[in-house]
There are 2 protein chains.
Amino acid sequence: MEGDPMLRLRVFDLNCWAIRYLSKRRQERIRLIGDRLCQEGFDLVLLQEVWSEQDYSDLKAKLGGCCPYSHYFRSGVIGSGLCIFSKFPILDTLLYQYSLNGYPYMLQHGDWFCGKSVGLAVINISGIVFNVYVTHLHAEYCREKDAYLPHRVVQAWELLQFIRHTAKAADVVLLGGDLNMHPQDVGIRLLRCWTGLRDAFTETKHFEGCEDGCTLIPNNCFTVNSELQPFPLGIRIDYILYKAGSGFTVRCEELQTTTGTAPGTDIPYSDHEAVMATLHVQRTGQAAGVTPSTAVPALVEVLSEARTEVRVGLQAARRQRYSSGRMALLALLLLLLQAAAALGALVGLAGGQPFPKLSFALLAFLALGVLLLATGLHLFHTIEVKMLQGTEEQMRMALGVLQERPGRS
Amino acid sequence: MEGDPMLRLRVFDLNCWAIRYLSKRRQERIRLIGDRLCQEGFDLVLLQEVWSEQDYSDLKAKLGGCCPYSHYFRSGVIGSGLCIFSKFPILDTLLYQYSLNGYPYMLQHGDWFCGKSVGLAVINISGIVFNVYVTHLHAEYCREKDAYLPHRVVQAWELLQFIRHTAKAADVVLLGGDLNMHPQDVGIRLLRCWTGLRDAFTETKHFEGCEDGCTLIPNNCFTVNSELQPFPLGIRIDYILYKAGSGFTVRCEELQTTTGTAPGTDIPYSDHEAVMATLHVQRTGQAAGVTPSTAVPALVEVLSEARTEVRVGLQAARRQRYSSGRMALLALLLLLLQAAAALGALVGLAGGQPFPKLSFALLAFLALGVLLLATGLHLFHTIEVKMLQGTEEQMRMALGVLQERPGRS
């Protein structure tokens, strides 16, 4: 089947920054995004941070002509923000919610409430089975002291495991999304090494767009420039990755990014730049192994590095579990003491002046409040410890399997 | 390869009822279970409700000789309770936590805290790839008025989707666990129809054990007999299901259940009976389709039925979201009123006798408590609504695909 016609696929990926009440000029930008998508007629559109169902419905209505099939992945309080639009029928979907995703009490960051996930859509295009994944990992708020690094590494691990287990029968694997990782970060190296996914930016024949393929650039009027200070060109954290299954080849012919302001307007589409890839998919007829080309020592090295990050997170989570548990215990003790004192006063055992009632009641409520909060925190950090332990063990098992069987993918 | 030797596989499945501090004679029973497993030398052991890591470690130590490979699946506050022991190396594992699993405030039921999940272990036995799944779905506390039915149906849907997406490259699929569903319940029909999994009890050549294959029987001294009153023989809710991939056949040669008291003792292994299957796996060499044999009309029927249950759940969840939101709003109003009154008293606007300080403070704390609780509930039911909506949509999409393509698996 060497002579099979080549399939040309245009893929669009963008973190839309469409948070209701918070994102600037949201509806205007969603309209602009819809217009651009309609104009250019992409085959696959992978969006993140579409947190308002109304925005999704508006896009769906607008894209009805060029991308009539779509799916909105629901999860968490606010939603995953992930959606897919496709020119071709979506046959099946599956959502995997990451087990760790920041902390509910970090309200100013809010990642926890989004239920960060990876969405899978199975799409059949001209008889070729595409497993299309869209995801958004936990944000990095401070690169120097990144408290969320262990969670992001766990997410990267879960993402790669989910892809490896679900993509076994796929002819082509496509992943698009805001991974919140620089190209050399441990999480993305882990993801690429272990899945064999290729980075469209490094593989493309022609590139056009922001320097170094950056997707968060100082030129964009919505980005917070102070955060980008150490990176004068910006950073690349949005990706299109791909892999061909046995008997297929995929090449990235062209990759583009938007470059700040949208054509003909004074605003960009989002605080991120869009990534647009033109892929060429061809059937080779050779049942070549799907084995990633990465050598075992490299796999071991990156996995060991990731495991170290998970262990660091585990230590921190254990400390937090311990201190919240201790706080809950102290509050409980205070409550018991107060109950004993109240009982004593009631049966007339207490001599002299009893406590002023108001302060006594206030103290009791304070203790109760602390008890409830600390217990909640303790439960939360217990889950965190369990999930970090679980990932650490899975990584240990993977290392064991690798070291026993040097040829294993 | 018609003449390939047959693989004989002995599988053991048990819900161990090993809840620390709550389950009767737990450690003694775990010892008995370990002894039995050592004696009989099973190839695969799938356990549920092993909620103490110490029990898992004890079993691991005891089974080191016959089942040296094992995995404990961690999730939730208490853990998933799921573990696998295997005579053959476990190559890979993945855990999928169900998106809905009861309510955190139903403390007397406690399912929410367990993080109910499905665990997957990939095991290579004599060159045959086994995808082994172990799971435990939400319990049914009242069959007549089962408030958890929509959650269990969502879990069954997620289980079948997880199996379908991850088992595409498996030669043999095995699922063991406490599904908390009677053989004719909608969830298990949905699971079996959509995955093509076969029920070892109905397929076996030889059966030995409790009548009708029941796994929760009145004869077991740990079962609560009042719950089994409508079912004098007991109920069958623990299963071993299997499916052969392309080019393989699997037959169940023998199925057994334990029958109450463990041999030589006065107690059973658990409040559930164990299910033990002897499977014969053979390579046929014919790349037969893996398509489940279920006809499209049957798939449509069971999916529509399941969708109705999900919709009923969605209505209930919406009602609860609404009432918790209203409660939070009322508490907020009360707090604002109190703040206004306090401010008024402070600037001397209020005439006459102000409120007694103690009652005023108590009321404020009560309102604050209600506000926090109701907000938490509202967030929780918002997630519930989203996940039910998501499942309902996935089911709608599946129905659409089915109806468009009558031949699709």
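Going by what an unreviewed UniProt entry lists, chain A is known as Sphingomyelin phosphodiesterase 2 and is assigned to Anas zonorhyncha. The UniProt entry for chain A carries the following text under Subcellular location (unreviewed entry): "Membrane". Word for word, the UniProt comment on chain A under Cofactor (unreviewed entry) is "Mg(2+)".

Caption draft 1: Broad picture of the overall build of chain A. Within chain A one finds 8 helices and 13 strands. Dimensions of chain A along its principal axes, counting C-alpha atoms only, are 100 × 55 × 40 Å. The buried share of chain A, reckoned over its 409 residues, is 56%. Taking contacts inside chain A between residues at least 6 apart in sequence as the whole, the part at least 24 apart equals 75%. On chain A, roughly 17,400 Å² of surface is accessible, and the fraction owed to carbon and sulfur atoms is 57%. Charge separation in chain A, taken as the distance between the mean sites of 38 positive and 39 negative side-chain charges, equals 6 Å.

Caption draft 2: The UniProt feature "domain: Endonuclease/exonuclease/phosphatase" (unreviewed entry) in chain A, seen in detail. The UniProt feature table records "domain: Endonuclease/exonuclease/phosphatase" (unreviewed entry) at residues 15-272 of chain A. Helix makes up 24% of residues 15-272 of chain A and strand 29%. Its end C-alpha atoms lie 6 Å apart.

Caption draft 3: Structural detail: the nonpolar core. Judged by nonpolar contacts, the single largest core of 162 residues is most densely connected at Phe130(A), Leu174(A), Trp194(A), Phe130(B), Leu174(B) and Trp194(B). When residues no more than four places from it in sequence are discounted, the contact partners of Phe130(B) are Leu7(B), Leu9(B), Ala121(B), Val122(B), Ile123(B), Ile125(B), Val172(B), Leu174(B) and Val281(B).

Caption draft 4: Structural detail: helix α1 (residues 26-40) of chain B. All names here are of chain B. Taking 1.5 Å per residue as the helical rise, α1 with its 15 residues ought to reach 21 Å, and the 21 Å between its terminal C-alpha atoms agrees with that figure. Of the positions making up α1, those classed as buried are Arg26, Arg29, Ile30, Leu32, Ile33, Gly34, Arg36 and Leu37. Buried residues in α1 make contact with β1 (7-18), β2 (44-50), α2 (53-62) and β13 (275-283).

Caption draft 5: Region of interest: the sheet that holds strand β5 (residues 90-97) of chain B. Residues and elements named next belong to chain B. With mixed pairing, the 6 strands of this open sheet are ordered in space as β5-β6-β7-β8-β11-β9. Strands at the two margins of the open sheet, each flanked by one partner only, are β5 and β9 (198-199). Pairing between strand β8 (residues 172-178) and strand β11 (residues 238-244): 7 bridges, direction antiparallel. Looking at β11, one finds that Gly177 is bridged to Tyr239. Against the sheet, helix α4 (residues 149-166) contacts β5, β6 (117-125), β7 (128-136) and β8, and its axis sits at roughly 165° relative to β7. Along the sheet, helix α5 (residues 186-195) contacts β8, β9 and β11; its crossing angle with β11, the most-contacted strand, is approximately 15°.

Caption draft 6: Main features of the pattern of salt bridges. Scanning the model with the defined rule gives 37 salt bridges over all chains in all. The salt bridge partner of Arg152(A) is Asp146(A), with a shortest N-O separation of 3.0 Å. Here Glu305(A) and Arg189(A) are joined by a salt bridge, their closest N and O atoms 2.8 Å apart. You can see Glu305(A) sitting in helix α7 (residues 296-346) and its partner Arg189(A) sitting in helix α5 (residues 186-195), a full 116 residues away along the chain. You can call Arg189(A) partly exposed: its relative accessible area is 25%. Counted as one network, the salt bridges with shared partners bring together Glu53(A), Arg74(A), Lys386(B) and Glu393(B).

Caption draft 7: Representation of a nonpolar patch on the surface within the structure. Residue and element names in this part refer to chain A. Residues Met327, Leu334, Leu363, Leu366 and Val370 make up a contiguous nonpolar surface patch of about 390 Å² in total accessible area. Of all elements in the fold, only α7 and α8 (357-404) reach the threshold of two or more residues within the nonpolar patch. If you tally residues by element for the nonpolar patch, the top one is α8, at 3 residues. Residue placement: Leu334 occurs in helix α7.

Caption draft 8: Just the interface of chain A and chain B, in detail. Across the contact, 45 residues belong to chain A and 45 residues belong to chain B. Taking both partners together, chain A and chain B bury about 4,300 Å²; carbon and sulfur atoms supply 64% of that area. It is Arg74(A), His165(A) and Lys386(A) in chain A that bury the most area against chain B; as a group they hold 16% of the surface buried on that side. At the surface where chain A touches chain B, the tally comes to 5 salt bridges. Arg74(B) serves as the salt-bridge partner of Glu393(A), at 2.7 Å between the closest nitrogen and oxygen. At the boundary of chain A with chain B, the tally comes to 14 residue pairs in polar contact (both at pLDDT 80 or more). For the side of chain A that touches chain B, the elements supplying multiple residues, two or more each, are β3 (69-73), β5 (90-97), β6 (117-125), α4 (149-166) and α8 of chain A. Top element by residues in the side of chain A that touches chain B is α8(A). It accounts for 16 residues. Looking at the side of chain A that touches chain B residue by residue, the class counts come to 22 nonpolar, 13 polar and 10 charged.

Caption draft 9: Representation of unusual backbone geometry in the model. Residue and element names in this part refer to chain B. A positive phi angle, close to 70°, is found at Tyr21, a residue other than glycine. Note that Tyr21 resides in the loop between β1 and α1. Residue class for Tyr21 comes out exposed when judged on its relative accessible area of 77%. Of note, Asn180 is a non-glycine position whose phi angle comes to about 50°, a positive value. Tracing the backbone through its elements, the reader meets Asn180 in the loop between β8 and α5.

Caption draft 10: Representation of the pairing of β6(A) in the model. Residues and elements named next belong to chain A. Of all 9 residues in β6, 8 are buried; the element is thus mostly enclosed. For β5 and β6, the ladder comprises 7 bridges, and the chain directions are antiparallel. Note on β6: the bridge partner recorded for Leu95 is Gly119. Bridging between β6 and strand β7 (residues 128-136) involves 8 bridges; their strand directions are antiparallel. By the bridge assignment for β7, Asn124 is matched with Val129. With antiparallel pairing between neighbouring strands as the criterion, β6 and β7 make up a hairpin whose turn holds 2 residues, including Ser126 at a positive phi of roughly 50°.

Caption draft 11: Representation of the sheet that holds strand β3 (residues 69-73) of chain B. Residues and elements named next belong to chain B. Strand order in the open sheet made by the 7 strands is β3-β4-β2-β1-β13-β12-β10, with mixed pairing throughout. Lying at the two open borders of the sheet, with one neighbouring strand each, are β3 and β10 (206-208). Taking each pair of neighbouring strands and ignoring which way they run, the sheet shows an average axis angle of 20°. One ladder, built from 5 bridges, connects β3 with strand β4 (residues 82-86); its direction is antiparallel. Paired with Tyr72 across the strands is Cys83, a residue of β4. Sheet contacts for α2: β1, β2, β3 and β4; angle to β3, the most-contacted strand, approximately 175°.

Caption draft 12: Quick peek at the relation of the copies chain A and chain B. Rotating chain A by 180° about the axis while translating it 0.0 Å along that axis superimposes it on chain B, leaving an RMSD of 0.0 Å. Taken together, the rotation angle and the small translation identify this as a two-fold axis. The share of interface residues of chain A whose copies in chain B are also at the interface is 100%, consistent with both copies meeting through the same surface.

Caption draft 13: α2(B), seen in detail. Residue and element names in this part refer to chain B. Buried within α2 are the following residues: Asp55, Tyr56 and Leu59. Relative to the axis of α2, the buried residues are bounded by an arc of 100° and lie together on one face. Elements in contact with the buried residues of α2: β1, α1, β2, β3 and β4.

Caption draft 14: Looking closely at the side chain of Thr166(B). The residue Thr166(B) is located in helix α4 in this model. One polar contact links the side chain of Thr166(B) to the main-chain carbonyl oxygen of Phe162(B), over a distance of 2.6 Å. Not counting residues within four places of it along the chain, the set of residues in contact with Thr166(B) comprises His165(A), Thr166(A), Leu94(B), Leu120(B), Asn131(B) and Tyr133(B).

Caption draft 15: Region of interest: the side chain of His136(B). Residues and elements named next belong to chain B. Position of His136 among the secondary structure elements: in strand β7. Using a relative accessible area of 2% as the deciding quantity, one classes His136 as buried. Polar side-chain contacts of His136 include one of 3.2 Å to the side chain of Asp178. Setting aside anything within four residues of it in sequence, one finds His136 in contact with Asn15, Gln48, Glu49, Trp51, Leu82, Tyr98, Lys116, Ser117, Asp178 and Asn180.

Rules of the game
- Residues numbered from 1 in each chain as written.
- Chains lettered and ligands numbered in written order.
- Predicted model: local features only at pLDDT ≥ 70, side-chain atom pairs only at ≥ 80, totals over all residues.
- Heavy atoms only, no water.
- UniProt positions renumbered as here; feature names shortened; annotations may be inferred.
- Helix = DSSP H or I, 4+ residues; strand = E, 2+ residues; numbered from the N terminus.
- Buried < 20%, exposed > 50% of the residue type's maximum accessible area, 1.4 Å probe, protein only.
- Contact = heavy atoms within 4.5 Å.
- Areas by Shrake-Rupley, 256 points an atom, 1.4 Å probe, with all protein chains shown as cover.
- Lys, Arg positive; Asp, Glu negative; His and termini not counted.
- Charge placed at Lys NZ, Arg CZ, Asp CG, Glu CD.
- Core = buried A, V, L, I, M, F, W, Y, C linked by side-chain atoms within 4.5 Å.
- Expected span 1.5 Å × (residues − 1).
- Pairing = 2+ DSSP bridges.
- Axes fitted to C-alpha atoms, helices over the stretch in contact; angles between N-to-C directions.
- Salt bridge = Lys/Arg side-chain N within 4 Å of Asp/Glu carboxyl O.
- Patch = residues over 30% accessible without salt bridge, like charges linked within 9 Å, V, L, I, M, F, W, Y side chains within 5 Å.
- Buried area = accessible area lost by both parts, 1.4 Å probe.
- Polar contact = N/O pair within 3.5 Å; in protein donor to acceptor, adjacent residues only side chain to side chain.
- Nonpolar A, V, L, I, M, F, W, Y, C, P; charged D, E, K, R; others polar.
- Least-squares fit on C-alpha atoms with pLDDT ≥ 70 in both.
- Arc of directions from axis to C-beta.

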